[in-house]
Amino acid sequence: MTTASPALAELAAELDTADPLAPIRDRFLLPDGVVYLDGNSLGPLPAAVPPTITDVLHRQWGTDLIRSWNDNDWWDAPLRVGDALGRLIGAAPGQTLVGDSTSIQLFTALSAAARLRPGRELLVTDPGHFPTDRYLAESAARLHGLRVRHVRPRDLDAFLAAEGEQVAVVSYSPVDYRTGELHDVATLTRAAHRAGALVLWDLCHAAGAMPVPLDELEADFAVGCGYKFLSGGPGAPAFLYAARRHHDSWQTPLHGWTGHADPFGLQRDYAPAPGIARARIGTPPILGLLSLEAALTAFDGVDMAQVRTKSLSLTDFFLRCTAELLADLGFEPVTPADPARRASQVSLRHPHAYGLVRALTEQQVIADMRAPDILRFGVNALYTSHRDLLTAATLLHRTTTTGAYDPTPPDAGKVT
Ligand SMILES: *Cc1c(COP(=O)(O)O)cnc(C)c1O
């Protein structure tokens, strides 16, 4: 593609040449000619996954059959993959479990938190939280006799000053999934704790994208999906973190047989397994778990601080491209320019967001949009290059100036 700005092209080349993570891109099977900026919705295929899954299918399942639960360590996979994932979210071993969806893990964490704070009546969540987080806050609150209060992270201090004594749990995400704004996790965690409340962090847009020192923060619970920045594959199992200091006293809401202290004793009554294992519910989804386990090897030898530095360099560069190439074309950046408040994506508001994203996709630049008018460009330091972002900005400039897109909004029910 002809370059709209030789100076930006030169800068992209310099930044990419100096990038210590550049070789990590080979750990992903990205199709030739595609610029993939939607890894915050579905991470691309890691090169380690196909050979692992071939082995799991043909040798482990096909040949070893049921013996694999022991011989190929299927039984321990939820805890083993949990520990591997825990390394990326600052969790010492034994506190992270993988299995089920984020939605189920949210329910488990919210219920457990509510029961650890009996007598407190409020469950605080963000009015801008992802829908499933809001819906599950309502479900858990109804079951445990709590009331939900919608409080924006920036208003938490004022709210806690007035009603903090009644708050059982604060359920937030570090990242606003639409705007890419990053909240101050440490400050919010401390504020909730000062009020005697517990904190649940939804790390869907943070795990694998930046360091999240859960143990150091003294977070209580955390959840997150395996298929965004962790690239575990469509519908990959999600994770649940519960801080060790709660392990003696926490109660999970769904008492499945695999979370029993003696699952093969087939006892009449439930007795919880010690530690994080009591959050196991049913038979673990082995194909998804082992895909995720292979996917996580893409992080081998990678320091999360390096990931964060590169991610900020990428989003910074893209903001610069948009300022230079998209000025006066109706775009408004909604992602904070302040790096301390910026997650691993850049969101731009434009009235024709849907048509523009579709036009980009047709030209092999894959991003997404969030209704009604936000274009989202997710970057992943493991495989995104500065050059990718210049390609996206150049194409967006060309598509907008030539009007080569359909400005009609989407039909209801489409995946956007
Ligand atoms: C992606 C995402 C989810 C997804 O939940 P699933 O149960 O995996 O569908 C939930 N919460 C947040 C904040 C997300 O970004």
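Residues numbered from 1 in each chain as written. Predicted model: local features only at pLDDT ≥ 70, side-chain atom pairs only at ≥ 80, totals over all residues. Heavy atoms only, no water.

Residues separated by three or four positions in an α-helix point in the same direction, a consequence of the helix having 3.6 residues per turn. Burial analysis of helix α10 (residues 286-296) places eight of its 11 residues in the buried class, the great majority of the element. Among the residues of α10, those classed as buried are Ile-286, Leu-289, Leu-290, Ser-291, Leu-292, Ala-294, Ala-295 and Leu-296. Close packing links the buried residues of α10 with α2 (49-63), α3 (68-71), α4 (77-86) and β2 (96-98). (Buried < 20%, exposed > 50% of the residue type's maximum accessible area, 1.4 Å probe, protein only. Helix = DSSP H or I, 4+ residues; strand = E, 2+ residues; numbered from the N terminus. Contact = heavy atoms within 4.5 Å.)

This part covers the pattern of salt bridges. Any two side chains of opposite charge can pair if their charged atoms end up close together. Here the structure, examined in full by the defined rule, presents 17 salt bridges. Arg-147 serves as the salt-bridge partner of Glu-121, at 2.6 Å between the closest nitrogen and oxygen. Here Glu-121, found in the loop between α5 (102-116) and β3 (122-125), pairs with Arg-147, found in strand β4 (residues 147-150); they are 26 residues apart in sequence, far enough to count as distant. Look at Glu-121 and you get partly exposed, because its relative accessible area is 37%. Sharing partners across several salt bridges, the network here consists of Asp-55, Arg-59 and Asp-64. (Salt bridge = Lys/Arg side-chain N within 4 Å of Asp/Glu carboxyl O.)

Let us look at the packing of aromatic side chains. Under the defined criterion, the tally for this structure stands at 10 aromatic pairs. Centre to centre, the rings of Trp-69 and Trp-75 are 6.1 Å apart; their planes meet at 65°, and the pair counts as edge-to-face. Look at Trp-69 and you get partly exposed, because its relative accessible area is 22%. An aromatic cluster is defined as three or more aromatic residues linked by ring pairs; in this entry it consists of Trp-69, Trp-74, Trp-75, Trp-257 and Phe-264. A cation over a ring is seen here: Lys-228 above Phe-130, with NZ or CZ 5.5 Å from the ring centre. Between the NZ or CZ atom of Arg-280 and the centre of the ring of Trp-75, over which it lies, the distance is 4.5 Å. (Phe/Tyr/Trp six-rings, centres within 6.5 Å; stacked < 30°, edge-to-face > 60°. Lys NZ or Arg CZ within 6 Å of the ring centre and 35° of its normal.)

Let us look at the UniProt feature "binding site: pyridoxal 5'-phosphate" (unreviewed entry) in the protein chain. Within this numbering scheme, the UniProt entry marks Thr-102, Ser-103, Phe-130, Pro-131, Thr-132, Asp-133, Asp-202, His-205, Tyr-227, Trp-257 and Thr-283 as carrying the feature "binding site: pyridoxal 5'-phosphate" (unreviewed entry). A maximum C-alpha distance of 31.1 Å is found for the annotated residues, which run over 182 residues; spatially they are spread out rather than grouped. Examined against the element boundaries, Thr-132 turns out to sit in helix α6 (residues 131-144). Among the residues examined, Thr-132 registers a relative accessible area of 18% and is labelled buried. When neighbours within four sequence positions are excluded, Thr-132 is seen to be in contact with Ser-103 and Leu-106. Mapped onto the elements of the fold, His-205 is located in the loop between β6 (198-202) and α9 (214-217). For His-205, a relative accessible area of 7% puts it in the buried group. In contact with His-205, other than residues within four places in its own chain, are Asn-40, Val-175, Tyr-177, Met-210, Lys-228, Phe-229, Gln-345 and Arg-376. (UniProt positions renumbered as here; feature names shortened; annotations may be inferred.)

Another aspect to go through is the nonpolar core. In terms of nonpolar packing, the biggest core is built from 64 residues, with Trp-201, Leu-203, Leu-230 and Leu-382 touching the most fellow members. In terms of residue count, α10 provides more of this core than any other element does, five residues in total. Composition of this core by domain shows at least three residues from each of domain 1 (6-21 + 303-402) and domain 2 (50-299). Not counting residues within four places of it along the chain, the set of residues in contact with Leu-382 comprises Leu-21, Ile-24, Arg-25, Phe-28, Ala-298, Phe-299, Val-302 and Val-307. (Core = buried A, V, L, I, M, F, W, Y, C linked by side-chain atoms within 4.5 Å. Domains from an automatic or database assignment.)

Another aspect to go through is the sheet that holds strand β7 (residues 221-224). With mixed pairing, seven strands are arranged side by side in an open sheet as β2-β8-β7-β6-β5-β3-β4. The open sheet is flanked by β2 and β4, the only strands paired with a single partner. On average, adjacent strands in this sheet sit at an angle of 20° to one another, irrespective of strand direction. In this structure, β2 lies alongside strand β8 (residues 239-242), joined through three bridges in antiparallel fashion. Across the sheet, Leu-97 pairs through a bridge with Leu-240, a residue of β8. Relative to β7, α5 is tilted by about 170°, and along the sheet it contacts β2, β3, β5 (167-172), β6, β7 and β8. The sheet strands contacting α6 are β3, β4 and β6, and the helix crosses β4 at an angle near 150°. (Pairing = 2+ DSSP bridges. Axes fitted to C-alpha atoms, helices over the stretch in contact; angles between N-to-C directions.)

A few words now on helix α12 (residues 353-362). Burial analysis of α12 places seven of its 10 residues in the buried class, the great majority of the element. When α12 is considered as a whole, its buried residues turn out to be Ala-353, Tyr-354, Gly-355, Leu-356, Val-357, Ala-359 and Leu-360. Looking at the buried side of α12, the elements it contacts are β11 (365-366), β12 (368-370), β13 (374-378) and α13 (386-402). Of the residues one or two after α12, Gln-364 is the one with positive phi, at around 75°.

With respect to the helices and strands, the residue Asn-72 is situated in the loop between α3 and α4. Judged by its relative accessible area of 16%, Asn-72 falls in the buried class. A polar contact of 2.9 Å, which involves the side chain of Asn-72, links it to the side chain of Asp-64. Asn-72 has contacts with Arg-59, Gln-60, Asp-64 and Arg-67, leaving out every residue within four places of it along the chain. (Polar contact = N/O pair within 3.5 Å; in protein donor to acceptor, adjacent residues only side chain to side chain.)

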